[in-house]
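In case you want the letters, here they are:
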Amino acid sequence: MAVIKLTALLLAASVCLCSKHKSEKVPKLVNSQYGSLWPLPQSAQISATAFQLSRSSFQIVHAPKSSAGPRCYLLGEAFRRYFEYTFGYSKRLNKDRKQSGAGAEVSELQVLITSSEPQCDGFPSVSSDESYQLTVDQPTAVLTAPNVWGALRGLETFSQLVYKDEYGTLHINKSEIKDFPRFNHRGILLDSSRHFLPLKVILANLDAMAMNKYNVFHWHIVDDQSFPYQSSLFPELSKEGSYHPYTHVYTPADVKMVIEYARMRGIRVISEFDTPGHTQSWGLGQKGLLTPCYSGEKPSGTFGPVNPILNSTYDFMTQFFKEVSSVFPDAYIHLGGDEVDFSCWKSNPDIQKFMEQQGFGTDYRKLESYYIQRILDIVTGTKKGYMIWQEVFDNGVKLKPDTVVEVWMGNALEEELHNVTSAGYTTILSAPWYLDYISYGQDWQKYYKVEPLSFKGTDAQKKLVIGGEACLWGEFVDATNLTPRLWPRASAVAERLWSHKDVRDTDDAYSRLSQHRCRMVQRGIPAEPLYVGHCDYEYGGQ
Amino acid sequence: MAVIKLAALLLAASVCLCSKHKSEKVPKLVNSQYGSLWPLPQSAQISATAFQLSRSSFQIVHAPKSSAGPRCYLLGEAFRRYFEYTFGYSKRLNKDRKQSGAGAEVSELQVLITSSEPQCDGFPSVSSDESYQLTVDQPTAVLTAPNVWGALRGLETFSQLVYKDEYGTLHINKSEIKDFPRFNHRGILLDSSRHFLPLKVILANLDAMAMNKYNVFHWHIVDDQSFPYQSSLFPELSKEGSYHPYTHVYTPADVKMVIEYARVRGIRVISEFDTPGHTQSWGLGQKGLLTPCYSGEKPSGTFGPVNPILNSTYDFMTQFFKEVSSVFPDAYIHLGGDEVDFSCWKSNPDIQKFMEQKGFGTDYRKLESYYIQRILDIVTGTKKGYIIWQEVFDNGVKLKPDTVVEVWMGNALEEELHNVTSAGYTTILSAPWYLDYISYGQDWQKYYKVEPLSFKGTDAQKKLVIGGEACLWGEFVDATNLIPRLWPRASAVAERLWSHKDVRDTDDAYSRLSQHRCRMVQRGIPAEPLYVGHCDYEYGGL
C-alpha cells in the first residue's frame, strides 16, 4: 500500500485541484494503529512484536477441545478460503510496525468452538452470536468463538492482520482481539428485477459481504419490471414475467446455491416479495391477480396493484407464500408493502363497491391495510416472521409483536424511528444508505457519519433498532457496474453497523478503508477507489 | 433486445416509482427506423427488404478496383475484427422489419478504397477524411471510402446493420448509407496519473471508442499524483514519480502498443504533458525542476509549479519534449497550462527578484505567460503543433495560428468560444462533458442535448470549432470502474460530435442507444445500463 508513502504528495496535490477537480474535504491518510482492519473490532490490542508466517507450514486447524471437528464442512471450507486470502494477498506495512520477534513464527491458527452446538449445519439468524476472541502469539494463534458464526468473523479478522513486508515475507503482530457486532442485522439489498443479476454477481457480492462482516442479504427478487424467481407451483410467473424464461431467471437450484453460499459465510438470505404495489410483472403470469384499471366506464387494458377484493387473490397468495417459506429457510420474509398507487383502485367500479361494503369511505389506505392484514395472516400461518417497509406501520396495520419495520424515508427519519420503537416494534434503518443515489466525490463519508441511534428515545427504544441495510436499487445497475458501485461505499455502512459507536475518526477510517479496498481488489472484488492513489495489485479482470 | 418488447410495461412502471425511486423523465422506447445504429449516419436509407448472411460463406474482401490490397495490414485486421463482431454478436429485431427477399443472401462485403494513397501505414490526423458510402444489396454489399479511415467507420456501420431474427438467422436490410463526421476531433480524455490504468483497460477503451466512431485518445498521462510515463532520456522521472517503477509505469513498448492499437482503429493518440502546474510528481525524479516554496525566509520543503526562472528548466524541457515528440507520432502535443497556483511562486525570493527584473510587477500571470511562451517555442522547434487549456489563451500568451484551444470551463462557455474563435484559433470543447462528475439518473441526456455551435459567432468562427472531448478525470476511477462509468455515457457525446446537428430526438436516441449498449456488452465492453431493462446477453465478467 504505497498510498501511505505518498501521503505528503497527495495532500499537496489536493490543494491545487480547486476548480477543475473540485472535491470534498479529503481525509488525511494516517498510519492507523489498526493497520487495515475493517470494520474495526470492538477491542484490539496490537503489539509491536511481529511474527512470521510460512505459506508451506502454516495451518488453520480445529483446536483439540473444539466442539467442531473435521465433519464441520462449513468451517473446513472457511479454513481453505481464509488460507487462500491470507497467503494469496497481503500488503506492505510501514517498517516501524515490525519489531524484534524476528524469526519467531506463528505456525498455526487453532479455532476453538466452545458451545456444545457449533451450528455447523445450521442457518444464521437475527439472534446468532457472532462474537469471537482472537489471540495471536507464537507459535500458535487461537480463535475462540461460541459457534461457527463468530469463528467466521474471527477468521476474516485474522486474515486482515496479516501483512507483507517489502521482501515479501508475511507477518502478523502479537495481538489480542475481542469482538462482537454492535447491531445484529447488517444487510445489503440487491434488486434483481430492474436488472437481472447473474448468479456470478450475487455470489461475488456475498464474498464481499463476508469481507465486511455483513450478515443479511436482502434479496429484492421481483418487482414491476421482471419476475426472475422461478416458482415451482406457479411456473408461469417467471415464464411470462421474467426478461427471458431461460437466461434471466433464478431456478430452484440457483436459489439453493445462493442460500448455501450465503450460509457458509454466515449470511442470512431474506427474500422480498413486495405486494400489493410493485407487482406489474406478476400480472403477466398470473391472470386476474392485478386490479384492472378503468378509463371512464371501460377497462383501460392496464393494471394496477394486486386486486384486494377477490378470494382468488388470497388463495394464490396462500399457496405462493407457502412455497416461498419452504424455499427460503430464514425465519423472516420481507413483504414489502411500500408505495401503493391508489389511482387504479379508485378507477375500478368493483373496488369502489367493495369500499362501500366494507365501510372504508374513500380512504384507500384502509383498503391497503385490509389487503396487507390478510397477507400478514397468511404469512403468519407459514410460521415465518415478517419484515415490512415503513408505510405498513404508518398506515396503522395491525402487526405481530415480532414484526421488523424497515425505515427508508429520509424525511422525518428520527421521528419515524421514535414512533416505531415507541410502538414496541423492532426496526432496521435503510434511509441514510440508499447507495443507488450516486454523487461526485467521497460520499462514503456521508454514509459513515450516520448515527443510527441519534433519535430521541429511551434505552429500551434504542435496543429495538437491530441494525440497518445498504440498499442498491437496480434502476441503473447490472452485472457491468454493480460491484464497483457498491464497494467500498457499503464498507462504510458495514463499520457503522459493526463497530463501537465512538469509532468515527474519518482520517483513521480513510486510511484503513483504502487498504481494505485494495485487499478486496486483490481478492477479486472490483471495489472502486476512494480517491487518488493506487493498490500494489490493481484490478486485473474485466 | 426484449427491451422493446417490454416498453409498455416500463412506461407503466415508471409512473409509480415516484418517491422511492425518483428518476428524471424517462424517454420512450420506440421502434427506431434506424435500428441500433450509433452514432447515426448523416444519411441512411434502410429498406424493408432483408437479406440473409451466412457465417460459413460470408466474406469481407478488398474490391477488385480498390487501391488497398492484402498488404494493407490495417484493413486485414479490421476485416477480421468486424467479422467477429458481426457473427459473434447480433440482436433480434421486430419481425415487421423483415420482408420478402427471404432466401436472398449477402455473401460478400467489398471494400473499395478510391484514393491512390489508402494510408494503410499512415496515422490518422485532424484532416483525415473519414467519409464512406455503404450500399447493401444482394449478393454483394459495397463499402466505398477515399481511404482506410472512412473504411473503418463504414465497417462499424455495416456491423451495426446486422441483426438476428428469433430463429438465430442473421439478416441485413437493403440499405444505402452516406456518412461523414460533423466534427473532425472527437476525443476521450483518460487520466493515468490520479490512478494508474493498466494497459488492458486502455486497449479495451480504444475498442469501445472505435465502436462509437471516436478518433482521438487524449492521454492525460502524468499529473501531480504520479508520473507513469517511462522516459528514455530521463528514467528517474517514472522511477521516482510513479506509484511503482515496475508495476505502475508505461514502458516505451507499452506506449508503442497503445499508439498502434489506436492507429489500426483510426484513433489518434495525443499525449498531454501538463506544465507548469500539475507537476508535483515530476519533481520527485528531476531535482531542481520545481519551485521551492518558502515559509517566511526559509524554504518550507514543499514545491510549487515548474521553476520558470532557471535555464536548467528550459534545457530539460527541450530534451524532454524532443523525446515526447518522437515517441508520439501525432502532429499535436497537448501542453496543458491550466490551473497554475501562484502562491508558491509568490513566496520565493528568487522568483520575486526575477519578476522585478522582468518588470512583471506583481502580475504572476505574466510570469506564467513567460514560461508558457518559452515552452511553446520549444515545442514549435520539434515541428509539432500544440493544444492548450483555455487559460493559456485567456492570459494572452502569444500562440501559433494553428494552436488548438481546449475550452473546459463551464461558466461563460459561450463567451469563451466566441472570444477564442474571434481571435482566429481553432478550438475543441470539453466543458459540458466532464464525465467524472456523476449524478443519479440518465445524465446521458444532458450530454446529448449539448449543441457545440450555439454560441454567437459568424460561420467562419463556427468552422473553427473542430470538435470536442469527453473527459474522465481520474480522481475516482481506476481499472475497477472506468469502463462502466465511461460507457455508454460517452456514447451520447459521440453522436453529438459525429451526427447531423438536427439529430436530437431523445426517444429515438434512447432506443438506439439501449441496443448499442447491449452490443458493446456483447463485444466484451462492460457498458452500464441506461435504465431498467435487459440485454439478451448480459455481461459475464465481474
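Note that the coordinates shown come from a computational prediction; the quantities given were computed from them, not determined experimentally.

**Looking at the overall build of chain B**
And step 1. Counting its secondary structure elements, chain B contains 19 helices and 17 strands.
And step 2. Scaling as 2.2 N^0.38, a compact globule of 542 residues should have a C-alpha radius of gyration of about 24 Å, and chain B matches this with 25 Å.
And step 3. With the C-alpha coordinates aligned to their principal axes, the bounding extent of chain B is approximately 85 × 60 × 50 Å.
And step 4. When each of the 542 residues of chain B is scored for burial, the buried share is 64%.
And step 5. Within chain B, counting contacts between residues at least 6 apart in sequence, those at least 24 apart form 75% of the total.
And step 6. Put simply, chain B has 56 plus and 60 minus side-chain charges, and the middle of one group is 4 Å from the middle of the other.

**Re the pairing of strand S5 (residues 140-145) of chain B**
Where a strand is regular, its side chains alternate between the two sheet faces.
Residue and element names in this part refer to chain B.
And step 1. Burial along S5 is one-sided: the residues Ala141, Leu143 and Ala145 are buried and none of Thr140, Val142 and Thr144 is.
And step 2. Sheet topology places strand S4 (residues 132-136) next to S5; 3 bridges connect them, and they run antiparallel. From the neighbouring strand, leucine 134 faces S5, where its bridge partner is leucine 143.
And step 3. Between the antiparallel neighbours S4 and S5 lie 3 residues.

**A word on unusual backbone geometry**
And step 1. The omega angle of the peptide bond from tryptophan 38 of chain A to proline 39 of chain A is -10°, so this bond is cis rather than trans.
And step 2. Tracing the backbone through its elements, the reader meets proline 39 of chain A in the loop between helix H1 (7-16) and strand S1 (43-53).
And step 3. Across the junction of tryptophan 487 of chain B and proline 488 of chain B, the peptide omega takes the value 5°, indicating a cis bond.
And step 4. The residue proline 488 of chain B is located in the loop between helix H17 (482-486) and helix H18 (489-498) in this model.
And step 5. Even without a glycine there, the phi angle at lysine 383 of chain A is positive, about 70°.
And step 6. Among the secondary structure elements, lysine 383 of chain A is positioned in the loop between helix H11 (364-381) and strand S14 (385-389).
And step 7. Not every positive phi belongs to a glycine, and alanine 412 of chain B is a case in point at roughly 60°.
And step 8. Considering the arrangement of structural elements, one finds alanine 412 of chain B in the loop between strand S15 (404-407) and helix H14 (413-422).
And step 9. For alanine 412 of chain B, a relative accessible area of 46% gives the class partly exposed.

**Structural notes on helix H8 (residues 311-327) of chain A**
Because each turn of an α-helix spans 3.6 residues, side chains separated by three or four positions end up pointing in the same direction.
All names here are of chain A.
And step 1. With 17 residues, H8 should reach 24 Å at 1.5 Å per residue; the first-to-last C-alpha distance of 25 Å fits that figure.
And step 2. Along H8, the residues classified as buried are Thr313, Tyr314, Phe316, Met317, Phe320, Phe321, Glu323, Val324 and Ser325.
And step 3. Tucked into the core, H8 has its buried residues touching helix H5 (236-241), strand S10 (268-275), helix H7 (280-285), strand S12 (298-306), strand S13 (332-336) and H11.

About the criteria used
Residues numbered from 1 in each chain as written. Chains lettered and ligands numbered in written order. Predicted model: local features only at pLDDT ≥ 70, side-chain atom pairs only at ≥ 80, totals over all residues. Heavy atoms only, no water. Helix = DSSP H or I, 4+ residues; strand = E, 2+ residues; numbered from the N terminus. Rg over C-alpha atoms; globule rule 2.2 N^0.38 Å. Buried < 20%, exposed > 50% of the residue type's maximum accessible area, 1.4 Å probe, protein only. Contact = heavy atoms within 4.5 Å. Lys, Arg positive; Asp, Glu negative; His and termini not counted. Charge placed at Lys NZ, Arg CZ, Asp CG, Glu CD. Pairing = 2+ DSSP bridges. Expected span 1.5 Å × (residues − 1).

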